[in-house]
Amino acid sequence: MKVAFVASEAIPYKKTGGLADVVGALPFYLNKLGIKTSVFLPRYKGIKGSLIGNLQIDMKEKHNVQVYTEGNFYFIDYPKFFDRDGLYGTEKGDFSDNCERFTLFCKTVTQLIKRYGYDIVHCHDWQTGLIPLYMKLDNMDTKSIFTIHNLGYQGRFPSSKFPILGLPKEYFDPEGIEFYGDINFLKAGILYSDIVTTVSENYAREIQTSESGFGLDGVLNKRRNSLVGIINGIDYSLWNPENDSLIYQKYNNFNGKQKNKARLTEECNIDCERPLIGMVTRIADQKGFDIIIKAFDDFIDMGFSFLVLGFGDEHYHNKLKTFESIYPDKVSVNIKFDNKLAHRIYAGCDFFLMPSQYEPCGLGQLISLKYGTVPIVRKTGGLADTITDFDPDTLSGNGFVFREHSSKDLLKALSKSYEIYCNKDVFKRLSEKCMDCNFSWEESAKKYKQLYGSL
Ligand code: ADP
């Protein structure tokens, strides 16, 4: 079976979030199961590869697009659109021509799928949403799967851009890709693919409700018989403290972990004696920064220190930086994307915080488990599927879980975490129990293989 993955980011080339981890790892695990996979990405700034061909893409006018390759990756090259700093925009906001950029990408990939011949195209997120529709219009035999990694990002553009897409007029309709007067790329992927998947079973249920459906719950309900939730895995060849060369010292037990904490707190100038909460995250509303900010003084008073690595919403950057200046020896705020520091935070913190408003799967909590860093999460989406609340009497559970999106509930979970931390023996057992949890890709890759087979 030949499968083409199509996405807007993948490690080791470009990454802004979990999508890149998934698209970088899953094809490798599918290959191990005998499925031949290729991956199609835009050729962003800095990506090299060898030139293998070019094609003309009609988008109001003709565009000459080149194709590069390296290993099993294909890169769509159109420098005017992709040779920039940033994948989707800058700190100031999204690029104004994202509709044009990803329409060109979808049109080009559709032609290449036809040229190279694939059994299945596996599209990821809104940037690839038009591909299943272009394939249908071209009567292609290839089947399509569309995976939603985050329903909150839909690729919504004004109707004035509709002619760029080159679609028959009737598709601009509420039954088609119109969404409250706009174009919606994600809706196209949901409506016209053969199967829709998302990245946890719980999120697959949640997105069919009006509270979590971002206006697309009706469309997703319509497709409920073809909607499947498959939890993401972790690539343990990259994320494993036993052979991670990016951390201060490799380890496979609690004592080894403490050496990483000592070095991390020294490097970031924070108090080593306090329990340390870490975050590695996009800094966005989704990730629960509103309730963190409200609870901030209280959890510092409780006795925690706090270390965050992330990038995103400027308003939260400023708030966090203010806390850093108020608590210089207890708070470290690192506004950047930094893979090495990310590994060191997973290794060196005691707790990993994810108080998300919603979380399709979440990789942070799964990575932190492997490093013995105890997750503190809100019960939503994939966090609810993977983390259960710790019970000190039975020692069941692998983290701390709270329900309501409120600073009050967050503080309750933090207070319980602090109590457990103070009982060194129990905390050590919990941390080592986390290290033993297994969320490798093997099981999930088998589920994707089954799904491909069903097509
Ligand atoms: P999302 O996909 O919503 O951003 P996930 O938890 O699923 O969240 O995945 C985030 C991934 O991106 C993880 O691998 C995390 O370590 C990484 N990451 C997020 N922000 C940064 C950053 N500033 N520097 C390095 N890695 C980051």
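Right above here is the structure, for reference.
Residues numbered from 1 in each chain as written. Predicted model: local features only at pLDDT ≥ 70, side-chain atom pairs only at ≥ 80, totals over all residues. Heavy atoms only, no water.

1. Section: the packing of aromatic side chains
So, step 1. Considering all chains together, one arrives at 40 aromatic pairs under this definition.
So, step 2. Relative to Phe105, the ring of Phe102 lies with its centre 6.3 Å away and its plane at 90 degrees, an arrangement referred to as edge-to-face. Linking Phe102 with Phe105, this pair stays in helix H3 (residues 98-116), spanning three residues, or about one helical turn.
So, step 3. Classification of Phe102 by relative accessible area gives buried; the value is 0%.
So, step 4. Under the relative-accessibility criterion, Phe105 is labelled buried at 0%.
So, step 5. Taken together, the ring pairs connect Tyr44, Tyr78, Phe81, Phe82, Tyr88, Phe102, Phe105, Trp126, Phe157 and Phe185 into an aromatic cluster.
So, step 6. Over the ring of Tyr118 we find Lys2, and its NZ or CZ is 4.8 Å from the ring centre.
So, step 7. We note Arg43 situated over the ring of Tyr68; from NZ or CZ to the ring centre the distance is 3.6 Å. (Phe/Tyr/Trp six-rings, centres within 6.5 Å; stacked < 30°, edge-to-face > 60°. Helix = DSSP H or I, 4+ residues; strand = E, 2+ residues; numbered from the N terminus. Buried < 20%, exposed > 50% of the residue type's maximum accessible area, 1.4 Å probe, protein only. Lys NZ or Arg CZ within 6 Å of the ring centre and 35° of its normal.)

2. A closer look at the nonpolar core
Across soluble globular proteins, nonpolar side chains show a tendency to be buried alongside one another.
So, step 1. Phe40, Leu151, Leu165, Ile177, Phe185, Ile190 and Tyr452 are the most contacted members of the largest nonpolar core, which totals 87 residues.
So, step 2. Looking at this core element by element, the count peaks at eight residues for H3.
So, step 3. Among all residues touching Phe185, those that are not within four sequence positions of it are Cys99, Phe102, Thr103, Trp126, Gly129, Leu130, Gln154, Gly155, Phe157 and Leu165.
So, step 4. Counting residues in hydrophobic clusters, the runner-up holds 72 residues, among them Ile270, Tyr316, Leu369 and Val374. (Core = buried A, V, L, I, M, F, W, Y, C linked by side-chain atoms within 4.5 Å. Contact = heavy atoms within 4.5 Å.)

3. Details of the sheet that holds strand E9 (residues 143-148)
So, step 1. Sheet architecture is open: nine strands sit in the order E3-E4-E5-E2-E1-E8-E9-E13-E14, paired in mixed fashion. Two strands lie at the open edges of the sheet, namely strand E3 (50-59) and strand E14 (227-229), each paired on one side alone. On average, adjacent strands in this sheet sit at an angle of 25 degrees to one another, irrespective of strand direction.
So, step 2. Pairing of E3 with strand E4 (residues 61-70) involves nine bridges; the strand directions are antiparallel. Residue pairing in the sheet places Asp58 in a bridge with Lys62 of E4.
So, step 3. Each of strand E1 (2-6), strand E2 (36-42), E3, E4, strand E5 (73-77) and strand E8 (120-124) touches H3; the most contacted strand, E3, lies at about 115 degrees to it.
So, step 4. Set on the sheet, helix H17 (residues 441-454) makes contact with E1, E8, E9, strand E13 (195-198) and E14; between it and E13 the angle comes to about 170 degrees. (Pairing = 2+ DSSP bridges. Axes fitted to C-alpha atoms, helices over the stretch in contact; angles between N-to-C directions.)

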